[in-house]
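Read off the chains here:
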Amino acid sequence: MKLKRLIAMAMTIVLLCLSCNIAVFAAEAKGRSPGMIHSGEIKPEGEVWKAKDGPHIVQYTFQVGGPTAPVLVIEAGAQVLFDSGAEIRVGWIGPGGLMVNGTPEAPVRFEANTSSVHPGYYWGISFWDDTIPGKAYIRNASIQSAGSSGSADMGAITLGHHSKPTTCVELTNVEIKDSMFYGLRIHQDSKLAYNSSNVSVTGTVTREGEGGYPIGTDLPGSNALPVGGTFKNNYRNAVQLIGYLEPIKQNFLWRNLGIPYYVYDRSIEVGGPNNPVFTIEPGVVALFGPNQWLQVGYHGRGSIVADARLEQNLIEGFKPVGDGSALEKPPADTKPADNGAASQNPGEDARVPYPGSTQNETPAGAANPSGSGL
């Protein structure tokens, strides 16, 4: 009898403990949001994705647009997870907007919904023809492992693709990491809003020899790209200018981003009825592919302004030596003298390696204007 009582008491204790654990687990599950699934089209009145309701899981293509011009607002601190091949597409099926309101203390995170993360797991965020001006921005956010694995026309963030330019998208304090093909891809006449700043792109990879650049853009998209960001450990650390390169017909600016502009397969023409001025900031490095050139005044009047003191054109403290065919780093306590070379063309001396590139050596095209190493 005593043995039976002991066994019964032990079973009672075990059951009590199990019920306590079940209660604890239930309480934990009740206090933690299971997340929200988003697929198909946004509600006609728009949506607000709150941090407390996350993670927000995007399946397939989530369309932001329609006859009511809906806007998707994403709160600070929200986490947005994407299934394989998923994307947020703004302004495709009608007017729509995307307002990402991250803060430095609580950024918005766009990430892959998997533990097996790799570049190009999901397509990312794209802004199309009917994106609403003033209601299209991403502030204080990171986007990781995006970019279509099957199309080099896409990046983690993509602007425009049709005849109507998308020129109203602001990116401020945005970090793009581990993308397939491009971190930022800009099409045709599209470009970022002028008040964009601090866009950083790292870890962009190539596939079958395509892409691998932090930024890929048609010529208009290279106008006044935002400064303040960093570009490191991309397959090629440069702005790749590809595709549509119509003549520059309005005033135009290449800012010094710290990485070269590489004119891949088209020449650049400057000129037109508005007498455009193409301004190139001090320190900018421009690389041209085989048989490409920069031509001013052929299609109408135009001008180019590319003027800087010699030391402003130096990259990472290197200076030309001898006949200018080699580079040498000066002693720490010296700097190049102003010898009146302000108006001279540094020529081959401005061709430098790609700082932070995943390549161990400079591509052949960086050292030879007729090369094709890029």
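This text gives an overview of the structure that appears in the document. Position numbers for residues start from 1 in each chain and track the written sequence from start to end. Local features are withheld for residues below a pLDDT of 70 in this predicted model, meaning they are given only at 70 or higher, and side-chain atom pairs are given and counted only at 80 or more; totals for whole chains, interfaces and linings count all residues. Side-chain figures throughout are based on the complete set of non-hydrogen atoms in the structure, without hydrogens or water.

Details of the overall build of the chain
Helix and strand assignments follow DSSP, with helices taken as H or I runs no shorter than four residues and strands as E runs no shorter than two, numbered in order from the N terminus. Assigned secondary structure in the chain consists of two helices and 28 strands. Across the 374 residues of the chain, 44% fall into the buried class. Note on contacts: a residue pair is in contact if any heavy atoms of the two residues lie within 4.5 Å. Contacts spanning at least 24 positions in sequence make up 75% of the contacts within the chain whose residues lie at least 6 apart. Just so you have it, the chain exposes about 18400 Å², and 53% of that area is on carbon and sulfur atoms. The buried label goes to any residue with under 20% of its type's maximum accessible area, the exposed label to any with over 50%, and the partly exposed label to all in between, with areas taken from a 1.4 Å probe on protein chains only. Computed by Shrake-Rupley with a 1.4 Å probe, the accessible areas treat only the displayed protein chains as cover when residues are assessed.

Here we look at the nonpolar core
What is meant by a nonpolar core is a set of buried Ala, Val, Leu, Ile, Met, Phe, Trp, Tyr and Cys residues, joined one to another through side-chain atoms within 4.5 Å. Of all hydrophobic cores here, the largest spans 58 residues; its most connected members are Ile 74, Phe 110, Phe 127, Ile 157 and Trp 254. Per-element accounting of this core gives the leading share, four residues, to strand β10 (residues 131-144). Non-local contacts of Phe 127, meaning those with residues more than four positions away in its chain, are made with Val 90, Leu 98, Ala 136, Ile 138, Ile 157, Thr 158, Leu 159, Gly 160, Thr 166 and Val 169. Grouped together as the second largest cluster of nonpolar side chains are 10 residues, Phe 181, Tyr 182, Val 285 and Leu 287 included.

Describing the side chain of Thr 131
Mapped onto the elements, Thr 131 comes out in strand β10. Relative accessible area serves as the criterion here: at 6%, Thr 131 is assigned to the buried category. If sequence neighbours within four positions are ignored, Thr 131 has contacts with Val 90, Gly 91, Gly 96, Ala 136, Thr 166, Cys 168 and Val 169.

Quick notes on the pattern of salt bridges
A pairing counts as a salt bridge when a side-chain nitrogen of Lys or Arg comes within 4 Å of a carboxyl oxygen of Asp or Glu. Counted under the stated rule, the structure contains five salt bridges. Here Lys 52 makes a salt bridge to Asp 53, at a shortest N to O gap of 3.3 Å. Accessibility expressed as a relative area gives 63% for Lys 52, which makes it exposed.

Points about a nonpolar patch on the surface
On the surface, Leu 294, Val 296 and Ile 304 cluster together into a nonpolar patch covering about 200 Å² of accessible area. Under the relative-accessibility criterion, Val 296 is labelled partly exposed at 36%. Residues qualify for a patch when their relative accessible area is over 30% and they have no salt bridge, like charges being joined within 9 Å and the nonpolar side chains of Val, Leu, Ile, Met, Phe, Trp and Tyr within 5 Å.

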